[in-house]
Amino acid sequence: MSELRTAQIAALDGRKPALVVVDVQRSFADPPVVADAVTAIGKLVEAARAAGVTVAWVELGSDPRNPWHASQWLRAGDPEAPYGPEEPCVLGTPGAQWYGTGPAEGEIRVVKRAYSGFLGTSLEAQLRAAGIEWVAVCGLTTECCVAATATDAFQLDWPVLLPVDAVAAYDKQLHEASLAALALNVAVLSDSDELAKLWVTA
C-alpha cells in the first residue's frame, strides 16, 4: 500500500460511512455478465447492515410521462421519440424491480430519472441529515450511473471508496478504463473485504 493510500484510508478512521447502492435492478442486473458483481453487492449490503452502516438505495425510474429528452436524442436521434420496449427500468414494470438484493425497511431510497443518484433527488440531504462523512459506491454500471453518482459524491465533498468487486459493466475493457478514470479523479479503489474491515472499526 502506498503512503498516499495509507493516509487516505487512515483519514477515514472515526468518520461515519454510508454505502450507496446504484441501480441493482432487473433491467441492468439480470445479464449473466454482471452476476458476480450482483452477488458481491448483496454480500456487501449485508456486511454494511451488520456493522450498522447507513445503506442508501438509488434506483432508476424511467417515466414515459416525463421522458428524458436528451437521452432519447443521444440514443435515437429524436428527443421526442417515445420509450420503446427496451427502455430500462420503466416505472411499474419488472425491469424496475430490485434484483438479487433490495432495501430494508427504513433505509434511504431515492428514485432518479438520469445517471447520478444526486441529480434531482433528496440523496444529498438525507446523507447529510444522517451525518455521513464518507461514502462507498457500488452497483451498475461502472462507466455510467456508478461513475456519475461517485463523481457527484466527490464533488459534494465526500471522500469516495469504490469496491471493484461490487461494480460492473457489460464490457471488460470499458469497466477497467472506467475504474482507471475514477481512481485518477474521484475515488480510492477498494474491495468488499477492506470495506467490511473499515466499517467494523468506524
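How each quantity is defined
Residues numbered from 1 in each chain as written. Predicted model: local features only at pLDDT ≥ 70, side-chain atom pairs only at ≥ 80, totals over all residues. Heavy atoms only, no water. Patch = residues over 30% accessible without salt bridge, like charges linked within 9 Å, V, L, I, M, F, W, Y side chains within 5 Å. Areas by Shrake-Rupley, 256 points an atom, 1.4 Å probe, with all protein chains shown as cover. Salt bridge = Lys/Arg side-chain N within 4 Å of Asp/Glu carboxyl O. Helix = DSSP H or I, 4+ residues; strand = E, 2+ residues; numbered from the N terminus. Core = buried A, V, L, I, M, F, W, Y, C linked by side-chain atoms within 4.5 Å. Buried < 20%, exposed > 50% of the residue type's maximum accessible area, 1.4 Å probe, protein only. Contact = heavy atoms within 4.5 Å. Polar contact = N/O pair within 3.5 Å; in protein donor to acceptor, adjacent residues only side chain to side chain.

**Q** So what exactly am I meant to see when it comes to a nonpolar patch on the surface here?
**A** Together, Trp73, Leu74 and Tyr115 make up an exposed nonpolar region whose accessible area comes to about 360 Å². Its place among the elements puts tyrosine 115 in the loop between β3 (108-112) and α5 (123-129).

**Q** Explanation requested: the nonpolar core in the structure shown.
**A** Most often, soluble globular proteins have nonpolar side chains that are buried together. Of all hydrophobic cores here, the largest spans 33 residues; its most connected members are Leu19, Val21, Leu161 and Trp199. Of all the secondary-structure elements, those providing two or more residues to this core are β1 (17-22), α2 (26-29), α3 (35-50), β2 (54-60), β4 (134-140) and α8 (192-201). Counting residues per element, this core draws most heavily on α3, at seven residues. Look past the residues within four positions of leucine 19 in its chain and what remains in contact with it is Leu44, Val45, Ala48, Val53, Thr54, Val55, Ala56, Ala136, Cys138 and Trp199. Within the second largest apolar cluster, 27 residues are counted, among which are Leu127, Cys144, Cys145 and Leu162.

**Q** Which parts of the structure should I look at to understand the environment of glutamine 72?
**A** By secondary structure assignment, the location of glutamine 72 is in helix α4 (residues 69-76). Residue classification places glutamine 72 among the buried residues on the basis of a relative accessible area of 4%. For the pair glutamine 72 and tyrosine 83, spaced eleven residues apart in the sequence, the C-alpha separation amounts to 8.0 Å. A distance of 2.8 Å separates the side chain of glutamine 72 from the side chain of arginine 75, its partner in a polar contact.

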